[in-house]
Amino acid sequence: MRAGEGKSRDRVAEVDGIAPQFSAGKRPNLKSFGRDSLRERFVADGLPAYRADQVMVWLYARGVDDIHAMTNLPLELRRGLAETWECRALETRAIQTSADGTKKFVLETWDGEVLEAVLIPEERRNTLCISTQVGCPLACSFCATGKMGLKRNLGVAEIVDQFIRAREVLADDDVITNIVFMGMGEPLLNLAAVKESIRIFTEPRSLGMAPRRITVSTSGIVPQIRPLLEIGPINLAVSLHATTDDVRDELVPLNKRFPLKVLLGALREEELITKKRPVFFEYTLMKNTNDSLDDARRLSLLLEGIPCKVNLIPMNPHPDADYEPPSREVCDAFAAEVYRSGLRVTLRRNRGRDIDAACGQLAARHLPQAKSVIL
Ligand code: SAH
Ligand code: SF4
């Protein structure tokens, strides 16, 4: 057995655990519920269902977190709601801005846990990368979040509030156009909360985002893929990173539980994956590990029969892992070979690397310095 292998296996075993849906704040949070469940809760409390709709407009369309400021609700009702419910799930502790305009939000939960969200401005869109767990139990060997282990799942309100906290800093005429669940944690180990948050993001009366503008990335929790996709036409990204089980076992220990054949077989048979709704395969390029032209050629054979696009990401280095990105020439040659084999492929630019905000660099370890510098 290699060093650390036993530990990884224990962590993989946590896949069986049932993820708690809501965090245990002092009171229930209004942002923990999509429209249907909030209406149900209100009706159970003897309130008309339309009051839930009014509250959702304040929370999301207007970004108001103070129940007393919801002025179309009767005063008595506002008082009653304020005694029962909370609205705010996260406080912004720091915002760091990269030379390329990427912003990292360091956010704190009611119980002092710290997580990160990243806003990536591009020419025609603003993408928000959000977290689903504090840490991650899956221990991928190249990922800073994986080195933290799992502290806990985030609740629905804590997932949704990342959007609200990030939107607060945008100019009035600017909007968040896309959401990627690619921050800290494995979304499919917190599936109930992820799905409820997607209901809130896409609810026409609250945030009204088109499902196609939402992407959920998974390292490959096979049994949870179908239940995720049933939420609607969102995008699925699968973190592949290797073309052989030996290499993937080392990079993504979850591969021992769901090896390539099982993962790709399930995707091949999944009828919710179509040409119109392809899978995005994420492939982090690591020097002398998974960056050979043989790997590039094997990719097209492996992915045969799965409508897909391949996103290549040069490894973002960090102190907790020894992997390095390949040279630019090697990345370009790999991308060209994948393209030649007939797959759609993009080589992603690294955004926010200078503030440790790029993919796989989120570890919420900069709070003390950032606190004093930023706020
Ligand atoms: N847990 C999910 C989503 C969060 S990670 C998943 O693994 O898919 C988001 C993406 O960043 C994944 O594709 C992940 O493999 C990749 N990643 C992790 N560490 C990285 C690093 N240091 N450099 C580049 N990409 C990395
Ligand atoms: Fe977890 Fe994704 Fe990081 Fe793997 S890459 S440790 S699944 S966050």
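You'll find the structure just up there.
Conventions we followed
- Residues numbered from 1 in each chain as written.
- Chains lettered and ligands numbered in written order.
- Predicted model: local features only at pLDDT ≥ 70, side-chain atom pairs only at ≥ 80, totals over all residues.
- Heavy atoms only, no water.
- Near = heavy atom within 4 Å.
- Polar contact = N/O pair within 3.5 Å; in protein donor to acceptor, adjacent residues only side chain to side chain.
- Areas by Shrake-Rupley, 256 points an atom, 1.4 Å probe, with all protein chains shown as cover.
- Helix = DSSP H or I, 4+ residues; strand = E, 2+ residues; numbered from the N terminus.
- Nonpolar A, V, L, I, M, F, W, Y, C, P; charged D, E, K, R; others polar.
- Buried < 20%, exposed > 50% of the residue type's maximum accessible area, 1.4 Å probe, protein only.
- Pairing = 2+ DSSP bridges.
- Axes fitted to C-alpha atoms, helices over the stretch in contact; angles between N-to-C directions.
- Contact = heavy atoms within 4.5 Å.
- Core = buried A, V, L, I, M, F, W, Y, C linked by side-chain atoms within 4.5 Å.
- Salt bridge = Lys/Arg side-chain N within 4 Å of Asp/Glu carboxyl O.
- Phe/Tyr/Trp six-rings, centres within 6.5 Å; stacked < 30°, edge-to-face > 60°.
- Lys NZ or Arg CZ within 6 Å of the ring centre and 35° of its normal.
- Expected span 1.5 Å × (residues − 1).
- Arc of directions from axis to C-beta.

K.L.:
How should I be thinking about the site of ligand 1 in this particular structure?
P.N.:
Taken together, 20 residues are adjacent to ligand 1, and G185, S217, S239, H241 and N316 come closest. Here a nitrogen atom of ligand 1 and a backbone polar atom of F142 are 3.1 Å apart. In this structure, an oxygen atom belonging to ligand 1 sits 2.5 Å away from a side-chain N or O atom of H241. Against a free-state accessible area of 530 Å², the protein chains account for coverage of 96% of ligand 1. Listing elements by their share of the shell around ligand 1, those giving two or more residues are β8 (214-218) and β10 (279-285). Grouping the constituent residues of the shell around ligand 1 by class yields 7 nonpolar, 11 polar and 2 charged.

K.L.:
Whenever I open this one, the pairing of strand β9 (residues 235-239) confuses me. Can you help?
P.N.:
Each regular strand shows side chains that alternate between the opposite faces of the sheet. Across the 5 residues of β9, 5 count as buried, placing the element largely inside the fold. The two faces of β9 match: N235, A237 and S239 on one face and L236 and V238 on the other face are all buried. By the bridge criterion, 4 bridges tie β8 to β9 in an arrangement that is parallel. Considered in β9, the bridge of T218 is made with V238. Looking at chain direction, β9 and β10 are connected through 4 bridges and run parallel. Each residue of the ladder has a partner; that of L236, found in β10, is V279.

K.L.:
Help me understand the sheet that holds strand β4 (residues 126-129), please; the structure alone is not making it clear to me.
P.N.:
Think of a sheet as strands paired side by side through backbone hydrogen bonds, with each pair either parallel or antiparallel. The 10 strands are arranged β1-β2-β3-β4-β7-β8-β9-β10-β11-β12 in an open sheet whose pairing can be described as mixed. Looking along the sheet, the strands with just one partner apiece sit at the ends: β1 (91-97) and β12 (344-347). For this sheet, the mean angle separating the axes of adjacent strands, direction not counted, is 20°. Seen against the sheet, helix α7 (residues 191-202) touches β7 (178-181) and β8 and runs at an angle of roughly 175° to β7.

K.L.:
Before we go on, may I ask you to explain the nonpolar core in this structure?
P.N.:
Across soluble globular proteins, you tend to see nonpolar side chains buried next to one another. Ranked by internal contacts, the top residues of the largest apolar core, which has 112 residues, are F181, L267 and F281. Ranked by residues supplied to this core, first place goes to helix α6 (residues 156-167) with 7 residues. Excluding residues that lie within four positions of it along the chain, F181 makes contacts with I130, T132, I159, P187, V194, S197, I198, F201, I214, T215, V216 and S217.

K.L.:
Looking at this structure, how should I read the pattern of salt bridges?
P.N.:
A pair can form between side chains of opposite charge whenever their charged atoms are brought close. Counting across every chain of the model gives 27 salt bridges. Between R205 and D53 there is a salt bridge, with its nearest N and O atoms 3.7 Å apart. In this pair, R205 is assigned in the loop between α7 and β8 and D53 in helix α3 (residues 49-61), connecting sequence segments 152 residues apart. Assessed through its relative accessible area of 45%, R205 is described here as partly exposed. Residue D53 is classed as buried on the basis of its relative accessible area of 11%. For E76, the salt bridge is made with R79, and the minimal N-O distance between the two is 3.2 Å. Here E76 pairs with R79, and both are found in helix α4 (residues 75-84), just 3 residues apart, close to one helical turn. Under the relative-accessibility criterion, E76 is labelled exposed at 57%. In the salt-bridge network here, residues are joined through shared partners; they are K31, D65, R88, E91, D161, R165 and E168.

K.L.:
Before we go on, may I ask you to explain the environment of N288 in this structure?
P.N.:
Residue placement: N288 occurs in the loop between β10 and α11 (293-302). Judged by its relative accessible area of 69%, N288 is exposed. On a C-alpha basis, the gap between N288 and P326 in space is 7.6 Å, while along the polypeptide they are 38 residues apart.

K.L.:
Looking at this structure, how should I read the packing of aromatic side chains?
P.N.:
Any pair of aromatic rings gets described here by the distance separating the centres and the angle formed by the planes. Applying the stated criterion across every chain yields a total of 5 aromatic pairs. With a centroid separation of 5.6 Å and an interplanar angle of 45°, the aromatic rings of F163 and F201 are classed as tilted. In this pair, F163 sits in helix α6 while F201 sits in helix α7, placing the two residues 38 residues apart along the sequence. Look at F163 and you get buried, because its relative accessible area is 4%. Judged by its relative accessible area of 0%, F201 falls in the buried class. In textbook terms, an aromatic cluster arises when at least three aromatic residues are bridged by ring pairs, as seen for F33, F42 and W85. The ring centre of W58 lies 4.2 Å from the NZ or CZ of R62, which sits over that ring.

K.L.:
What exactly am I supposed to notice about unusual backbone geometry here?
P.N.:
For residues other than glycine, phi is negative in most cases, and the peptide bonds are mostly trans. With phi around 70°, H241 is a residue other than glycine that occupies positive phi space. Position of H241 relative to the elements: it lies in the loop between β9 and α9 (245-251). Relative accessible area serves as the criterion here: at 4%, H241 is assigned to the buried category. Notably, N288 is not glycine yet its phi reads approximately 60°, a positive angle.

K.L.:
Looking at this structure, I do not really get helix α12 (residues 328-340). What am I missing?
P.N.:
A rise of 1.5 Å per residue sets the reference length of α12, with its 13 residues, at 18 Å; its end C-alpha atoms lie 18 Å apart and thus fit the reference within 8%. Turning to α12, its buried residues number three or more, namely C331, F334, A335, E337 and V338. Looking down the long axis of α12, one finds its buried residues gathered within 160° of arc, a one-sided arrangement. Along α12, exposed side chains directed more than 90 degrees from the buried face belong to R328, E329, Y339 and R340. The secondary structure elements touched by the buried residues of α12 are β10, α11, β11 (308-314) and β12. Directly after α12, the chain includes G342, whose backbone phi takes a positive value near 105°.

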